[in-house]
Amino acid sequence: MAELAAIAQDTRAWACYDCGKCTATCPLVRAGARYSPRRHVLATNQGKRPANSGEGTLFDCLTCKLCDTRCPVGVEYTELVLKLRELAHRDGVEVECPHGGALQSAMRIMAKGEMAQDRLGWLEADMLTEPDEGELFLWTGCTMYYDAFFPEFEMDSIAGTKAAVRLLNKLGIAPVVSPDERCCGHDLLWNGDVKHFEMLARHNVKLVEASGADTLVVPCAECLRTFKRDYGPFFSGKKPRMLHLTEFLSENLDKLPMTNGASQRVTYQDPCRLGRHLGVYDAPRAVLNAVPGLELAEMRHHGSASTCCAGGTWSNCDRYSKQIQVNRLREARQTMAPVMVTACPKCQVHFKCAMQDPNLKDEITIELRDVAEIIAASLE
Amino acid sequence: MTKAKTTITDQPVTATGTETWQPRILVFACNWCSYAGADTAGVGRMEHEPHFRMIRVMCSGRIQPAFVLKAFEKGADGVLVSGCHFGDCHYIFGNERAVEQFDKTMNMVKLLGIEPGRLRLEWISAAEGIRFAEIINEFTEQVRQLGPSPLSSKRLDDLRIEEEIDG
Ligand code: FES
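Model, not experiment: these values are computed from the prediction. (Residues numbered from 1 in each chain as written. Chains lettered and ligands numbered in written order. Predicted model: local features only at pLDDT ≥ 70, side-chain atom pairs only at ≥ 80, totals over all residues. Heavy atoms only, no water.)

Peer 1: Hey, could you go over the nonpolar core for me, with residue numbers and the actual values?
Peer 2: Formed by 122 residues in total, the largest nonpolar core has its most connected members in Trp139(A), Phe150(A), Tyr231(A), Leu288(A), Ile375(A), Val79(B) and Leu119(B). When residues in this core are grouped by element, the largest group, seven residues, is from helix α7 (residues 102-112) of chain A. Here this core gathers at least three residues from each of two domains, domain 2 (98-251) and domain 3 (257-377) of chain A. Among all residues touching Ile375(A), those that are not within four sequence positions of it are Leu167(A), Leu256(A), Met258(A), Val287(A), Leu288(A) and Val291(A). (Core = buried A, V, L, I, M, F, W, Y, C linked by side-chain atoms within 4.5 Å. Buried < 20%, exposed > 50% of the residue type's maximum accessible area, 1.4 Å probe, protein only. Helix = DSSP H or I, 4+ residues; strand = E, 2+ residues; numbered from the N terminus. Domains from an automatic or database assignment. Contact = heavy atoms within 4.5 Å.)

Peer 1: Break down the sheet that holds strand β5 (residues 295-296) of chain A for me, with residues and values.
Peer 2: Hydrogen bonds between backbone atoms are what pair the strands of a sheet, whose relative direction is either parallel or antiparallel. Judged by pairing direction, the sheet is parallel, and its four strands sit side by side in the order β5-β4-β6-β7 (chain A) without closing on themselves. Of all strands in the sheet, those with a lone pairing partner are β5 and β7 (367-370) of chain A, marking the two edges. (Pairing = 2+ DSSP bridges.)

Peer 1: Outline the sheet that holds strand β5 (residues 119-123) of chain B, listing residues and values.
Peer 2: All names here are of chain B. Strands sit in the order β3-β2-β4-β5 across an open sheet of four strands; the sheet is parallel. Each edge of the open sheet is held by one strand with a lone partner, namely β3 (52-57) and β5. Put simply, the sheet's adjacent strands are angled 20° from each other on average, direction ignored. Helix α1 (residues 34-43) contacts β2 (25-30), β3 and β4 (78-83) of the sheet and is inclined by roughly 110° relative to β2. Against the sheet, helix α3 (residues 94-112) touches β4 and β5, its axis set at about 165° to β5. (Axes fitted to C-alpha atoms, helices over the stretch in contact; angles between N-to-C directions.)

Peer 1: Please give an account of the packing of aromatic side chains that cites residues and values.
Peer 2: Per the counting criterion, the structure on display carries 13 aromatic pairs over all chains. With a centroid separation of 6.4 Å and 85° between ring planes, the pair formed by Tyr231(A) and Phe234(A) is classed as edge-to-face. Between Phe52(B) and Phe132(B), the ring centres sit 6.1 Å apart and the planes meet at 70°, which makes this aromatic pair edge-to-face. Remark: Phe132(B) occurs in helix α4 (residues 129-146) and Phe52(B) occurs in strand β3; sequence separation between them is 80 residues. Note on Phe52(B): relative accessible area 17%, which makes it buried. Owing to a relative accessible area of 2%, Phe132(B) belongs among the buried residues under this scheme. (Phe/Tyr/Trp six-rings, centres within 6.5 Å; stacked < 30°, edge-to-face > 60°.)

Peer 1: Run through the domain arrangement of chain A, naming residues and quoting values.
Peer 2: All names here are of chain A. Domain parsing of chain A yields domain 1 (2-90), domain 2 (98-251) and domain 3 (257-377). Centre-to-centre separation of domain 2 and domain 3, based on C-alpha positions: 21 Å. Every contact between the two is made by 38 residues of domain 2 and, on the other side, 32 residues of domain 3. Here domain 2 packs against domain 3, burying approximately 2,800 Å² in sum over the two surfaces, 73% of which is carbon and sulfur. Viewed at the interface, domain 3 and domain 2 are joined by two salt bridges. Measuring nitrogen to oxygen at the nearest pair gives 2.5 Å for the salt bridge that ties Lys346 to Asp187. Seen at the junction of domain 2 and domain 3, the total is nine residue pairs in polar contact (both at pLDDT 80 or more). For the side of domain 2 that touches domain 3, the elements supplying multiple residues, two or more each, are α7, α8 (143-149), α9 (158-170), α10 (186-190), α12 (221-230) and α13 (245-251). Looking at side-chain class alone, the side of domain 2 that touches domain 3 contains 18 nonpolar, 10 polar and 10 charged residues. (Buried area = accessible area lost by both parts, 1.4 Å probe. Salt bridge = Lys/Arg side-chain N within 4 Å of Asp/Glu carboxyl O. Polar contact = N/O pair within 3.5 Å; in protein donor to acceptor, adjacent residues only side chain to side chain. Nonpolar A, V, L, I, M, F, W, Y, C, P; charged D, E, K, R; others polar.)

Peer 1: Can you break down the environment of Val371(A) residue by residue, with the values?
Peer 2: All names here are of chain A. Summarising the element assignment, Val371 is placed in helix α18 (residues 371-377). Judged by its relative accessible area of 2%, Val371 is buried. Considering only alpha carbons, one finds Val371 and Gly74, 297 residues apart in sequence, at a separation of 32 Å. Every residue in contact with Val371, bar those within four places of it in the chain, is listed here: Thr246, Val287, Leu288, Val341, Thr342 and Ala343.

Peer 1: How would you summarise a nonpolar patch on the surface if you had to cite specific residues and measurements?
Peer 2: Residue and element names in this part refer to chain B. Together, Trp32, Met58 and Tyr91 line one region of the surface with nonpolar side chains, adding up to about 300 Å² of accessible area. Here Met58 is to be found in the loop between β3 and α2 (65-73). We classify Met58 as partly exposed; its relative accessible area is 45%. (Patch = residues over 30% accessible without salt bridge, like charges linked within 9 Å, V, L, I, M, F, W, Y side chains within 5 Å. Areas by Shrake-Rupley, 256 points an atom, 1.4 Å probe, with all protein chains shown as cover.)

Peer 1: Let's hear about α1(B): which residues, and what values?
Peer 2: Residues and elements named next belong to chain B. Turning to α1, its buried residues number three or more, namely Ser34, Gly37, Ala38 and Ala41. Angular distribution of buried residues about the axis of α1 spans 100°; they occupy a single face of the element. On its buried face, α1 is in contact with β2, β3, β4 and α4. Phi turns positive, to about 50°, at Arg45, one or two residues after α1. (Arc of directions from axis to C-beta.)

Structural data, given as structure tokens:
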């Protein structure tokens, strides 16, 4: 009871005046799900815990933060979900796990950290990197794991990571790319597993601090959100500057010789973590627009109104998620762009999954690329 | 009614203790072939290494990466996945699916830094009691050579099952 009151205080749930804009905005509800953020907020205010399993429960939330941007009184529903999931996890509730919980197990194995991962097998001979110390740390994220785990989607998200290294090399920087990096713990945190999240956070922060880097460049939207919003308490000294790769590139556009015109149209998918969670909308667009000949065509919903990839935290996947993805891909196709560019590997996983639908394949298939790949291609 | 609290602890784990260390292996077996193969070994009183637990599933196609990774997470030293020979699967192509899932699992296992020798896929038919015993012996020895899984130092905590019994 007191716990819920404190949560209501922290997330401004107390301010709710029951207008229902959150529910009306929710992409799940629009796709037909029986889901009500408003009810969860009200229940919290009444000192009741929303149910943990079944349809319309806490673990269905995409945590895309669209409702937060629409709430007239600034209730942070997404933060509320985070806190309530923490309580649920404490009571032994596990997510009704898509992929059987395999990814969660992989994260916990990394958290225990007894093993030397083999995560840098993708580095190529022309790439200049430092294993442990340097001025700039490139946080690669877990793209190699996604590629290994989703061979049926022909995932190639590592291409974005490779492009990131090459772009930094072009700027004369040999970034630190560490073999000891571990999963940032984003999904464990959003599943409520704070214990293992903290184990990962401690290790990762120590790793970055020990590198002596004053800049941390992150190509993955989720890792960046986690570093900037959730790792705060784990830093002991001065925090490095933490930037998305596109933010860093947009500061250095004049030093990037983009000579290869792309002469193509692309559309850009704002990852929820980068856009609404961190407010980074302009940098990816600025770097894309700097490519000679490239035309950026926006989808109907873009910027802060973007629809997310509907798979955020490995805790929810159902027919509504699929519907959201299909609708989003239709929007992308309407731009007539052959390529959809994104800045988070997980968007790629989820959209590629939706494209497997044998009946809709032809209508919704579109090439997916990481923004780093597009920029790197314009340099050659 | 009083409530008695009992702690059930699994066999002592002795990576550091005085008894010799024995590996802890998890075997997944499909109902129609491999599990029956184990039965055949039992009925024929064939001797083989005893350091494994078996989980029966209806078909090897059910064995997802999640099952195997969870076993490693909880400290298994080795995991053996088994099913019917190709062409024999009770559900026609379940074991082909098992291969896809196994490959995926192996990819993850290698990335995570778990030795690939701790994971194995084998086809064992209901008649192959001898083969079952041989594979178990061979795999147990292989895992024994690799030593305790780096994740197993924490397994005592995980294995202790607290049960509340109405007395
Ligand atoms: S039933 Fe044995 S593998 Fe399918």
